[in-house]
Amino acid sequence: MIPIRLGVNVDHVATLRQARCTLYPDPVEAALIAASAGADSITVHLREDRRHIQDHDVQRVIQRSPVPINFEMGVTEEMLGIACKLKPKYACLVPEKREEKTTEGGLNVAGNLAAVRDACARLMKAGIVPALFIDPDPAQLAATIQSGAPQVEIHTGRYCDATTDAARGEELMLIMNFARIAHEAGLEVHAGHGLSVDNVGPIAAIPEIVELNIGHALIARSVFIGLPAAVAELRRRMREARGQ
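A quick note: this is a predicted structure, and the numbers were derived from the prediction, not measured.

Cut-off values and rules
Residues numbered from 1 in each chain as written. Predicted model: local features only at pLDDT ≥ 70, side-chain atom pairs only at ≥ 80, totals over all residues. Heavy atoms only, no water. Helix = DSSP H or I, 4+ residues; strand = E, 2+ residues; numbered from the N terminus. Buried < 20%, exposed > 50% of the residue type's maximum accessible area, 1.4 Å probe, protein only. Contact = heavy atoms within 4.5 Å. Areas by Shrake-Rupley, 256 points an atom, 1.4 Å probe, with all protein chains shown as cover. Lys, Arg positive; Asp, Glu negative; His and termini not counted. Charge placed at Lys NZ, Arg CZ, Asp CG, Glu CD. Axes fitted to C-alpha atoms, helices over the stretch in contact; angles between N-to-C directions. Parallel < 35°, antiparallel > 145°, perpendicular 65-115°, else oblique. Left-handed = near helix turned anticlockwise from the far one by under 90°. Pairing = 2+ DSSP bridges. Nonpolar A, V, L, I, M, F, W, Y, C, P; charged D, E, K, R; others polar. 1 Å grid on protein atoms, 1.4 Å probe; cavity = no way out; pocket = protein on both sides within 12 Å on 5 of 7 lines; lining within 4 Å. Points joined across faces, edges and corners; volume = space filled by probe spheres on them. Patch = residues over 30% accessible without salt bridge, like charges linked within 9 Å, V, L, I, M, F, W, Y side chains within 5 Å. Salt bridge = Lys/Arg side-chain N within 4 Å of Asp/Glu carboxyl O.

1. Some words on the overall build of the protein chain
When helices and strands are tallied, the protein chain shows 11 helices and eight strands. For the protein chain, the C-alpha atoms occupy an extent of roughly 45 × 40 × 35 Å along the three principal directions. Taking all 244 residues of the protein chain together, 52% fall into the buried category. Residue pairs in contact within the protein chain that sit at least 24 positions apart in sequence constitute 68% of those at least 6 positions apart. With the model as given, the accessible surface of the protein chain reaches about 11000 Å², and the carbon-plus-sulfur share is 55%. Of the side chains in the protein chain, 26 bear a positive and 30 a negative charge, and the two mean positions are spaced by 5 Å.

Okay, here's the thing in structure tokens:
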């Protein structure tokens, strides 16, 4: 089975910093620590309202990180301009609403295909590999294939938020089937949102999924055991689920 990669999202290190608008804790320092602890990539989401990650964070982390940067971004002219200027290795197009606490649901590719297709083309022209963050919905997968994006990230929020074993099992089955079909269509399959050391196993065990992007739960865990230990713990759980 293909080894599974871990992308660490450091947005919520910046959330803590912005609570008092200090210079610390620095999300770029967190990115360097996570990379040293075994993270395969670092994710930062520059939101329109700049609620956590700031423009200077993105520039510094791209310059300093020894592992690739995954730039989460809304499908806007401003974010496309920033991405094409700074040139992270990867960009993940996500939905964004000003009033939400965090990203809620996947990108509506089917309803915005022309804009998403144009964004993917611009990113690839700049040498950036785009991914689309979508729900495990066949209609969205069909649109994703038409968009030209080579990668897809499955939104795992409903799986993580399920309150019964039956509901969680249903969501897991949807994700498993979606991952298989996306892989057969030639897409590289990632997953993320709400994953933690407690629920990551069944998702990590899906053979078609080659990367998990995890942030909030990992950063929260690091408060108690430290960031290197939290990264190591999560990687160990992922490898165990993968049988590696």
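Text resumes after the structure shown.
2. Here we look at the packing of helix α10 (residues 216-225) against helix α11 (residues 227-242)
Closest axis-to-axis distance for the α10/α11 pair is 7 Å, and the angle between their directions is 125 degrees. The angle between the axes of α10 and α11 places the two elements in the oblique class. Viewed along their axes, α10 and α11 form a crossing whose handedness is right-handed. The segment α10 lies against α11, with L218, I219, R221, S222 and I225 engaging L227, A229, A230, V231, E233 and L234.

3. Topic: the sheet that holds strand β2 (residues 41-45)
Ordered in space as β1-β2-β3-β4-β5-β6-β7-β8, the eight strands form a closed barrel in which the pairing is parallel. Neighbour to neighbour, the strand axes of the sheet diverge by 25 degrees on average, direction disregarded. In this structure, strand β5 (residues 129-134) lies alongside strand β6 (residues 151-155), joined through four bridges in parallel fashion. When the sheet's bridge partners are listed, L132 is paired in β6 with V152.

4. Examining the packing of helix α5 (residues 113-125) against helix α6 (residues 138-147)
Their axes nearest at 9 Å, the elements α5 and α6 cross at an angle of 45 degrees. Between α5 and α6, the angle is such that the two are oblique. Of the two possible hands of crossing, α5 and α6 adopt the one that is right-handed. Between α5 and α6, the residues in contact are L113, V116, R117 and C120 and A143, Q146 and S147, respectively. Here the residues of the contact of α5 with α6 are counted per class, giving four nonpolar, two polar and one charged.

5. Section: the layout of surface pockets
Taken as a whole, the second largest pocket encloses approximately 260 Å³ of empty space. What lines the second largest pocket is a set of 15 residues, and nearest its centre among them are H12, V13, L16, I219 and S222. Where the lining of the second largest pocket is concerned, the elements lending two or more residues are α1 (11-18), α2 (27-36) and α10. Of all the elements, α10 adds the most residues to the lining of the second largest pocket, at five residues.

6. Looking at a nonpolar patch on the surface
A contiguous nonpolar surface patch, about 350 Å² in accessible area, is contributed by V223, F224 and I225. One can find F224 in helix α10.

7. Section: empty space enclosed by the protein
For the structure on display, the rule yields one cavity of 30 Å³ or more. By volume, the largest cavity amounts to about 70 Å³. In terms of lining, the largest cavity is formed by 13 residues, of which the most central are N70, Y90, Q151, H190 and E211. Every element with two or more residues in the lining of the largest cavity is listed here: β4 (90-93), β5, β6 and β7 (188-192). Broken down by class, the residue content of the lining of the largest cavity amounts to six nonpolar, three polar and four charged.

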